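Structural description and commentary
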Amino acid sequence: MRPLLLLFLLAAIPAARADLTVVGSDLMGKNFATGLAALAGRAQVAVRLDLTGSRVGLEKLRAGQADLALLVFSSQETPPGAPFVARPVAYHTAVMVVPASLPLAQVSYAQLRDLFSDSEGAADNVRWSDLGVTDPQWAGKKIILLMSGSGGGLSYDLFRRTVLLTPGLRPTVQVDLDGPAALKHTAVAEGGLAIVPSLPAGQNQLRLVPVARGLHDVAFLPTPENVHTGDYPIRLPLHVVFRADATARVLPLLRILYGTEAVALWQEAQLVPLPPQSRDQQVQDWAAP
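1. Thoughts on the side chain of His-239
- Summarising the element assignment, His-239 is placed in strand 12 (residues 235-243).
- For His-239, a relative accessible area of 10% translates into the label buried.
- Ignoring anything within four residues of it in the chain, the contact list for His-239 reads Ala-69, Leu-70, Leu-71, Phe-73, Pro-79, Ala-86, Arg-87, Pro-88 and Val-89.

Here it is as structure tokens:
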């Protein structure tokens, strides 16, 4: 009787949940892992996070040492195909920020190259009138160039590789450690134009400037919709990657990553989440029988 009683008692104890191991990019900042673990804990999803880099993360996923990876691929790389599933979950961007009162309607790739590129023959002193600003308060002011450095996510390299014909920056560009530092200097600089990963909500001293690929193309702001469709061009997706046959296992975590509560987590990490309809549709597709 005792063995039978023991088996009955063991069967009555809920089985311990196996952790979902998440690997991948280390570009989301030091608070991302803590925030994701907290969201997972509230949803009763056990996770173990090992965010040490996209390349290492992909190797671990392929070796069966992880359940899901958050990976960044360069524009020359292709996300893995079957038996894996790879879909965007958020985007790294580089956005243009100016003082809120500056009446700059838009800026193009060519204009940004003229401002930031260390090219032969480039003018040393460029004023806002050179970008079409006619307001006398601003037109004659020199444009002070600022930029988030390599400590601010991917915006530094993304801008240089996407917009500039050569990666060299003009020596007069002030490169700060990260986005918050560059924004702080832009807010106090008279006539500052900063390139940063994102502009936090609630900033009333600064505003975003629409960007156009060509001088005569339509310019777009980096809204979630414009970034996701590619209308806002300076972007690089962060992918969720997992084995297709593990969809049911990782679905609770996918619901978190694409959920409403995670939006603030992506924004704090200076990424742009997918628009709500796209997030909902993606989860529905995975949850469909």
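2. Some details on the packing of helix 2 (residues 32-42) against helix 9 (residues 261-268)
- One way to put it is that helix 2 packs onto helix 9 with a least axis distance of 10 Å and a crossing angle of 175°. With respect to their mutual orientation, helix 2 and helix 9 come out roughly antiparallel. Along its contact with helix 2, which presents Phe-32, Gly-35, Leu-36, Leu-39 and Arg-42, the element helix 9 presents Glu-261, Ala-262, Leu-265 and Trp-266.

3. Topic: the sheet that holds strand 8 (residues 174-176)
- The sheet built from 5 strands is open, its strands ordered 8-7-9-5-10 with mixed pairing. In this open sheet, the two strands that pair with only one neighbour each are strand 8 and strand 10 (206-209). Neighbour to neighbour, the strand axes of the sheet diverge by 30° on average, direction disregarded.
- The pairing of strand 7 (residues 144-148) with strand 9 (residues 192-196) spans 4 bridges and is parallel. Each bridged residue has a counterpart across the sheet, and for Met-147 the counterpart in strand 9 is Ile-195.
- Against the sheet, helix 5 (residues 155-162) makes contact with strand 5 (95-99), strand 7, strand 8 and strand 9, and its axis sits at roughly 120° relative to strand 7, the strand it touches most.

4. Observations concerning the layout of surface pockets
- In this structure, the largest pocket spans a volume of roughly 720 Å³.
- Residue lining of the largest pocket: 36 residues in total, with Ser-198, Gln-267, Glu-268, Gln-270 and Leu-271 positioned closest to the centre.
- Looking at the lining of the largest pocket, the elements that each hand over two or more residues are helix 6 (179-188), helix 9 and strand 13 (272-273).
- Of the residues contributing to the lining of the largest pocket, the split by class is 19 nonpolar, 13 polar and 4 charged.
- Counting only elements with at least two residues in the lining of the second largest pocket, the list comes to helix 5 and strand 12.
- If you tally residues by element for the lining of the second largest pocket, the top one is helix 5, at 4 residues.
- Of the residues in the lining of the second largest pocket, the class split is 9 nonpolar, 6 polar and 5 charged.

5. Description of helix 9
- Of the residues making up helix 9, those classed as buried are Ala-262, Val-263, Leu-265 and Trp-266. Angularly, the buried residues of helix 9 cover 165° about the axis, an arc narrow enough to put them on a single face. Every exposed residue of helix 9 that faces more than 90 degrees away from the buried side is listed here: Glu-261 and Glu-268.
- Among the structural elements, helix 2, strand 4 (84-93), strand 12, helix 8 (247-257), strand 13 and helix 10 (276-287) are those in contact with the buried residues of helix 9.

Cut-offs and rules
- Residues numbered from 1 in each chain as written.
- Predicted model: local features only at pLDDT ≥ 70, side-chain atom pairs only at ≥ 80, totals over all residues.
- Heavy atoms only, no water.
- Helix = DSSP H or I, 4+ residues; strand = E, 2+ residues; numbered from the N terminus.
- Buried < 20%, exposed > 50% of the residue type's maximum accessible area, 1.4 Å probe, protein only.
- Contact = heavy atoms within 4.5 Å.
- Axes fitted to C-alpha atoms, helices over the stretch in contact; angles between N-to-C directions.
- Parallel < 35°, antiparallel > 145°, perpendicular 65-115°, else oblique.
- Pairing = 2+ DSSP bridges.
- 1 Å grid on protein atoms, 1.4 Å probe; cavity = no way out; pocket = protein on both sides within 12 Å on 5 of 7 lines; lining within 4 Å.
- Points joined across faces, edges and corners; volume = space filled by probe spheres on them.
- Nonpolar A, V, L, I, M, F, W, Y, C, P; charged D, E, K, R; others polar.
- Arc of directions from axis to C-beta.

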